[in-house]
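Topology and contacts: notes
Now for the letters of each chain:
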Amino acid sequence: MLCCHKGDPHRNIIMWLDHRAVSQVHRINETKHSVLQCVGGVMSVEMQAPKLLWLKENMRETCWDKAGHFFDLPDFLSWKATGVSARSLCSLVCKWTYSAEKGWDDSFWKMIGLEDFVADNYSKIGNQVLPPGASLGHGLTPEAAKDLGLPAGIAVAASLIDAHAGGLGVIGADVRGYGLACEGQPVTSRLAVICGTSSCHMGISKDPIFVPGVWGPYFSAMVPGFWLNEGGQSVTGKLIDHMVQGHAAFPELQAKATARCQSVYAYLNSHLDLIKKARPVGFLTVDLHVWPDFHGNRSPLADLTLKGMVTGLKLSQDLDDLAILYLATVQAIAFGTRLIIEAMEAAGHSISTLFLCGGLSKNPLFVQMHADITGMPVVLSQEVESVLVGAAILGACASGDFASVQEAMARMSKVGKVVLPRLEDKRYYDKKYQVFLKLVEHQKEYAAIMKGD
Ligand SMILES: Nc1ncnc2c1ncn2[C@@H]1O[C@H](COP(=O)(O)OP(=O)(O)O)[C@@H](O)[C@H]1O
Ligand SMILES: O=C(CO)[C@H](O)[C@H](O)COP(=O)(O)O
């Protein structure tokens, strides 16, 4: 989020999934600057440096020269709540190239043409940095308290990015008694997957691990004292909505779901159960395959030019076709998670259990497909809004209820349900995964053919 001092107050935000800064991110990546090592070797177009450069190059007079501060959303919210413009270590490290050990790297900002920040000692993007959970100023200001209907002075914590708050809300749960492979193992064997509009894959380690195409290692950016690697998929919930809502049978689906007082996804899931006959539901996509990068690939390919692909379409467009296309899309997202996990494991992570949260974790089909396709058990939290649990953990630390984030995590995250993989279906998913990998290989070949003379 970027906040301008003057200009149109209704248009002072750039959304996280905004991809306008393509030319800027290419130039940033061409510098091969050492800070890029901590974003998987390639900076994402979604990060703040390319967006800032875009603003300087395209809105110099109306925004760049006049802006008081440039904020990430969580820092903007804590500033509005307390009047304190200190930034969270999480946002600066994960999105703005700040290093927990070395601070800002002047040479990077100079090299990409944003030397202005160096000259004014980073006052507009943050020169006071606090660990997530630290108490900010004097808490909620009287003005913010009035807006929120809360007492003034309530403790406000230095924030976490939403995905990181979700990770904090699930990854530390006590798993004793569920027979999970991660029981009695270090917390580093758990991968938190926060699945909403997009998905984020948060793995932690005791020592820094460099995973090509996966962001990090970021020290203490999620769990204090641990390094964080963050994989991600730029559109997941958004992709499912897009595929379903854009289908010719969507009006029929909507009418039928409304008549049953169900969400379209609950209706589709029960429709798939009806048409699967005796076979497992996942087998309905034997000849329908999707590559899910409709908005580029964030991890592990780090290629924003990639596009979505569907193979196996027929002339019919009825509710069965919609349901099967929806299933193939859900599966494609789960295959994307498998690809990210493989990249993380190849670099040194050892992951045995997934902890899912976010809007998509409310969808039982999405959860089961993640278990089946990765071959790992999926833990769902008791409190489905785990991002809010993460925020509450930070608040509890800021108000002094817990001495450390780790202690608050262990006490406040709770396992709700465990979904096991159907290992008997493994061979089928292994074959579909082979096709999945071929799709991207072929897409790259098409691009090369079209580039040739
Ligand atoms: N009850 C539900 N059943 C199935 N899918 C859901 C449900 N609720 C939300 N979703 C999916 O989750 C996505 C939004 O997730 P959410 O975590 O709310 O978003 P954000 O990441 O923007 O905070 C939607 O795009 C939708 O696909
Ligand atoms: O910052 C992120 C990753 O670090 C998330 O992608 C961001 O929080 C947006 O999430 P969503 O698109 O699901 O709302």
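Residues numbered from 1 in each chain as written. Chains lettered and ligands numbered in written order. Predicted model: local features only at pLDDT ≥ 70, side-chain atom pairs only at ≥ 80, totals over all residues. Heavy atoms only, no water.

Turning to the UniProt feature "domain: Carbohydrate kinase FGGY C-terminal" (unreviewed entry) in the chain, a few remarks are in order. According to UniProt, the feature "domain: Carbohydrate kinase FGGY C-terminal" (unreviewed entry) maps to residues 191-398 in the numbering used here. Helix makes up 40% of residues 191-398 and strand 19%, with an end-to-end C-alpha separation of 26 Å. (UniProt positions renumbered as here; feature names shortened; annotations may be inferred. Helix = DSSP H or I, 4+ residues; strand = E, 2+ residues; numbered from the N terminus.)

The environment of ligand 2 is made up of W16, K95, I161, D162, H164, T197, S198, C200, W215, E230 and R298. Taking K95, its side chain carries an N or O atom lying 2.5 Å from an oxygen atom of ligand 2. Isolated, ligand 2 exposes 370 Å² of accessible area, and the fraction of that covered by the protein chains is 83%. Tallied by class, the residues present in the shell around ligand 2 amount to four nonpolar, three polar and four charged. (Near = heavy atom within 4 Å. Polar contact = N/O pair within 3.5 Å; in protein donor to acceptor, adjacent residues only side chain to side chain. Areas by Shrake-Rupley, 256 points an atom, 1.4 Å probe, with all protein chains shown as cover. Nonpolar A, V, L, I, M, F, W, Y, C, P; charged D, E, K, R; others polar.)

For the rest of this paragraph, the subject is the confidence of the model for the chain. Across the chain, pLDDT averages 96, with 98% of residues at or above 70. The complex prediction reports pTM at 0.96, with the ipTM value standing at 0.97. (pLDDT = per-residue confidence, 0-100.)

The next point concerns helix α13 (residues 319-347). Counted at 1.5 Å a residue, the expected span for α13 with its 29 residues is 42 Å, and the 43 Å between its end C-alpha atoms agrees. The element α13 is largely enclosed, with a buried count of 24 among its 29 residues. Of the residues flanking the end of α13, it is G348, one or two places downstream, whose phi is positive at about 135°. (Expected span 1.5 Å × (residues − 1). Buried < 20%, exposed > 50% of the residue type's maximum accessible area, 1.4 Å probe, protein only.)

Once that is clear, we can look at the site of ligand 1. Taken together, G196, T197, G237, K238, D241, Y265, G358, G359, L360, K362 and N363 make up the full set of residues near ligand 1. The contact in question runs from an oxygen atom of ligand 1 to an N or O atom on the backbone of G359, over 2.9 Å. Between ligand 1 and L360 there is a distance of 3.5 Å, counted from an oxygen atom to a backbone nitrogen or oxygen. Contact with the protein chains hides 60% of the accessible area of ligand 1, taken as 580 Å² for the molecule alone. If one sorts the elements of the shell around ligand 1 by residue count, helix α10 (residues 237-245) sits on top with three residues. Within the shell around ligand 1, the residues separate by chemical class into two nonpolar, six polar and three charged.

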